[in-house]
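Given next are the chains, with one letter for each unit.
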Amino acid sequence: ILQNLSDGREDDDEVDGECVNGDAFKDSMDFNCTLYEGAHWCEVNDEGKTVEGPGWCSDLNQECDVLAERRWSRHRAFKNQQGRWAKSCCCNTGLAATYPYEG
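Please read all numbers here as calculations on a predicted model, not as lab measurements.

> Honestly, the packing of aromatic side chains in this entry has me stumped. Any pointers?
Centre-to-centre distance and the angle between the planes together describe a pair of aromatic rings. Counted according to the given criterion, the structure contains eight aromatic pairs. Geometrically, the ring pair formed by tryptophan 41 and tryptophan 72 is edge-to-face, given 5.4 Å between the ring centres and 70° between the ring planes. Of the two residues, tryptophan 41 sits in the loop between helix H1 (33-38) and strand E3 (42-44) while tryptophan 72 sits in the segment after strand E4 (50-52), which places them 31 residues apart along the sequence. Tryptophan 72 gets classed as partly exposed once you look at its relative accessible area, which sits at 35%. Three or more aromatic residues joined by ring pairs make a cluster, and in this case those are Phe25, Phe31, Tyr36, Trp41, Trp56, Trp72 and Phe78.

Structure, rendered in structure tokens:
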């Protein structure tokens, strides 16, 4: 599944073109879009933008119960060698509802 990425997203200067799913993107830790979407690390907001999901435990996630000093950085801190990061993922396939490894 491919869809055009939204224009004007905050922090998306590294992301352009079309979003992808599965192994078409892997971050610097070799995690792919399937993991990002399934683990709720990314989601599509009401404006159609790919954003950090509730499973991404960054300092901005008020619902995260992990100590502040142990939280993750923002998505873009995990850019791959091509400069792409998790906003490259579509995060809209419905996988998060059926992913067996979360919740």
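Next comes the rest of the description.
> I tried to follow unusual backbone geometry on my own but got confused; where do I start?
It is generally the case that most residues other than glycine have a negative phi and that most peptide bonds are trans. Its identity as a non-glycine residue notwithstanding, histidine 40 has a phi of 65°, on the positive side. With respect to the helices and strands, histidine 40 occurs in the loop between H1 and E3. In this structure, cysteine 91 is a non-glycine residue whose phi angle is positive, near 55°. Relative to the elements of secondary structure, cysteine 91 occurs in the segment after E4. Residue classification places cysteine 91 among the buried residues on the basis of a relative accessible area of 7%.

> Help me out: how do you make sense of the environment of alanine 24 in this one?
Within the fold, alanine 24 resides in the loop between strand E2 (18-19) and H1. Judged by relative accessible area, alanine 24 falls into the exposed class, the value being 56%. Note: C-alpha distance between alanine 24 and serine 88 (64 residues apart in sequence) is 9.1 Å.

Thresholds, definitions, all that
- Residues numbered from 1 in each chain as written.
- Predicted model: local features only at pLDDT ≥ 70, side-chain atom pairs only at ≥ 80, totals over all residues.
- Heavy atoms only, no water.
- Phe/Tyr/Trp six-rings, centres within 6.5 Å; stacked < 30°, edge-to-face > 60°.
- Helix = DSSP H or I, 4+ residues; strand = E, 2+ residues; numbered from the N terminus.
- Buried < 20%, exposed > 50% of the residue type's maximum accessible area, 1.4 Å probe, protein only.

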